[in-house]
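Coordinate inspection notes
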Amino acid sequence: WDQQIAYTWHSARWIMPAPYYMVPVHYPDQGFSADVFMIDSNVHDAKMPYLDSEHNICSSKHNPTGADCSAVGGPASVGECHDFFHDLWKKQKHWLEQKLSESKATWQIMVTHFPCGEDGESQAWYRRLRMRYGLDLMVTGHRHDQEL
């Protein structure tokens, strides 16, 4: 993901300045605003290096021996990858809850990669974002089919 972040400063059409961030959007002529929260949910694809080698960003099979992403703020080794993404997820969850509680925007929108059913808590955290913090809309991806 570090290449995706770095590309932000190379292309005028690509915006991803950090693994997670907020974009406030104001429409004064329309009378509303939105806080859009971009969240990195790759924790759900960060397993121990020896597990699920075909669907695991921390896989020892597809990451070279000696892989090191620490120069750009990532894990220093494949062995540290799982814990790195789980720690990042915890930090993001706390950050998002704080930002949602402070939001004065008309709408609060979250954009993330994995659907809410894959939060490891039977959707409890996402439900809490709605009920306690007022999250209005969640936009997700990852599914390998189309649904409405």
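Residues numbered from 1 in each chain as written. Predicted model: local features only at pLDDT ≥ 70, side-chain atom pairs only at ≥ 80, totals over all residues. Heavy atoms only, no water.

A few words on the pairing of strand β1 (residues 21-27). The pairing of β1 with strand β2 (residues 32-38) spans seven bridges and is classified as antiparallel. The residue bridging Tyr27 from the neighbouring strand is Phe32, located in β2. Connecting β1 to the antiparallel partner β2 that follows it, the hairpin turn spans four residues, and Gly31 within it adopts a positive phi of roughly 80 degrees. (Pairing = 2+ DSSP bridges. Helix = DSSP H or I, 4+ residues; strand = E, 2+ residues; numbered from the N terminus.)

It is worth spelling out the pairing of β2 at this point. Within β2, five of the seven residues are buried, leaving the element largely enclosed by the surrounding structure. The parallel pair β2 and strand β3 (residues 107-111), bridged by helix α2 (residues 78-102), forms a crossover whose chirality is right-handed. (Buried < 20%, exposed > 50% of the residue type's maximum accessible area, 1.4 Å probe, protein only. Right-handed = clockwise from strand over helix to strand, strands pointing away.)

On to the confidence of the model for the protein, then. Taken as a whole, the protein shows an average pLDDT of 87; of its residues, 90% reach a score of 70 or greater. Put simply, helix α1 (residues 2-7) is where the protein has its lowest mean pLDDT, 74, and β2 is where it has its highest, 97. (pLDDT = per-residue confidence, 0-100.)

This part takes up the packing of α2 against helix α3 (residues 124-133). For any two helices packed against each other, the geometry is given by the interaxial angle and the distance between the axes. Look at α2 against α3: their axes get within 10 Å of each other, and the N-to-C directions meet at 20 degrees. Compared by their axis directions, α2 and α3 come out roughly parallel. Relative to α3, the crossing made by α2 is right-handed. Residues Trp89, Lys93, Leu96, Glu97, Leu100 and Ser101 of α2 pack against Trp125, Tyr126, Arg128, Leu129 and Tyr133 of α3. Here the residues of the contact of α2 with α3 sort into seven nonpolar, one polar and three charged. (Axes fitted to C-alpha atoms, helices over the stretch in contact; angles between N-to-C directions. Parallel < 35°, antiparallel > 145°, perpendicular 65-115°, else oblique. Left-handed = near helix turned anticlockwise from the far one by under 90°. Contact = heavy atoms within 4.5 Å. Nonpolar A, V, L, I, M, F, W, Y, C, P; charged D, E, K, R; others polar.)

The next thing to look at is the state of the cysteines. As enumerated under the stated definition, the model contains one disulfide in all. Paired by a disulfide, Cys58 and Cys81 hold their sulfur atoms 2.0 Å apart. Looking down the S-S bond of the Cys58 and Cys81 bridge, the torsion is -70 degrees, so its handedness is left-handed. One end of the pair, Cys58, is in the loop between β2 and α2; the other, Cys81, is in helix α2, and 23 residues separate them in sequence. For Cys81, a relative accessible area of 7% translates into the label buried. Cysteine Cys69 remains unbridged, with the sulfur of Cys81 as its closest cysteine sulfur at 7.5 Å. (Disulfide = S-S within 2.5 Å.)

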